[in-house]
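The primary structure of each chain is shown beneath.
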Amino acid sequence: MKTKIKSIRPFIGSKNFDESREFYRDVGFEEFVIAPNLSVFKKDETAFYLQDYYAKDWVDNTMIFVEVEDTDAFYAELLSLNLPLKYKNVKLVPVKTMDWGKECFLHDPSGILWHFGEFF
C-alpha cells in the first residue's frame, strides 16, 4: 500500500458508560462526545472510541497495547491517581521487565486490559 496510515482507533465497550467515561478522563484522556452513546478519547496522537455497549465475551477479551516513552514514569503517574480505590474492578499491575522491554497493566472498570510499555 502506498497511502500512509496515520492512526488506528479501536472501539471498546463499557459496562457502565458514564463510569468508564470518568475513568478515562481521570487517566488523562480528553473526551470528545460524538453521540449520546459514543465518545472518542484522545491523548497526544493516541485515540480510541468508547461505546455504551457491553458484550461480556468481547470486553473480557479486549487488550490494547500503548507504547510509552518511560514505563516506570507512566506507572508512577497511574499509581498516583489511586484508580483502584476510586473504581470497582480496576486493577493496576506494577511494571514487569521482559527480554523485549517493560510494561505495566491497567484493567478498566469493565475489564478491558491495557498494556502500557516500551521496547528496548
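Attention here is on the structure that accompanies the text. (Residues numbered from 1 in each chain as written. Predicted model: local features only at pLDDT ≥ 70, side-chain atom pairs only at ≥ 80, totals over all residues. Heavy atoms only, no water.)

Take helix 1 (residues 17–27) next. Residues Phe17, Ser20, Arg21, Phe23, Tyr24 and Val27 constitute the buried set of helix 1. End-on, the buried residues of helix 1 take up no more than an arc of 160°, which puts them together on one face. Its side-chain oxygen 3.3 Å from the backbone nitrogen of Asp18, Asn16 forms the N-cap of helix 1. (Buried < 20%, exposed > 50% of the residue type's maximum accessible area, 1.4 Å probe, protein only. Helix = DSSP H or I, 4+ residues; strand = E, 2+ residues; numbered from the N terminus. Arc of directions from axis to C-beta. Polar contact = N/O pair within 3.5 Å; in protein donor to acceptor, adjacent residues only side chain to side chain.)

This part covers the sheet that holds strand 3 (residues 38–43). Strand order in the open sheet made by the 4 strands is 1-4-3-2, with mixed pairing throughout. Strands at the two margins of the open sheet, each flanked by one partner only, are strand 1 (11–12) and strand 2 (30–35). Bridge count between strand 1 and strand 4 (residues 46–51): 2 bridges; the pairing is parallel. If you follow Phe11 over to strand 4, its bridge partner there is Tyr49. (Pairing = 2+ DSSP bridges.)

Another point: the pattern of salt bridges. Throughout the structure, instances matching the rule amount to 7 salt bridges. Arg21 serves as the salt-bridge partner of Asp18, at 3.3 Å between the closest nitrogen and oxygen. Placement of both Asp18 and Arg21 in helix 1 is noted, with a separation of 3 residues, approximately one turn of the helix. Overlapping salt bridges, with partners in common, bring together Asp18, Arg21, Arg25 and Glu31 in one network. (Salt bridge = Lys/Arg side-chain N within 4 Å of Asp/Glu carboxyl O.)

Position of Met1 among the secondary structure elements: in the segment before strand 1. Owing to a relative accessible area of 95%, Met1 belongs among the exposed residues under this scheme. Spatially, the C-alpha atom of Met1 lies 33 Å from that of Asp57, the residues being 56 residues apart in sequence.

Its identity is not glycine, yet Asn82 carries a phi of approximately 55°, on the positive side. Mapped onto the elements, Asn82 comes out in the loop between helix 3 (71–80) and helix 4 (83–86). Look at Asn82 and you get partly exposed, because its relative accessible area is 41%. Phi is positive for Asn89, which is not a glycine, with a value near 75°. Relative to the assigned elements, Asn89 resides in the loop between helix 4 and strand 6 (91–97). Take Asn89: its relative accessible area is 45%, and that puts it in the partly exposed class.

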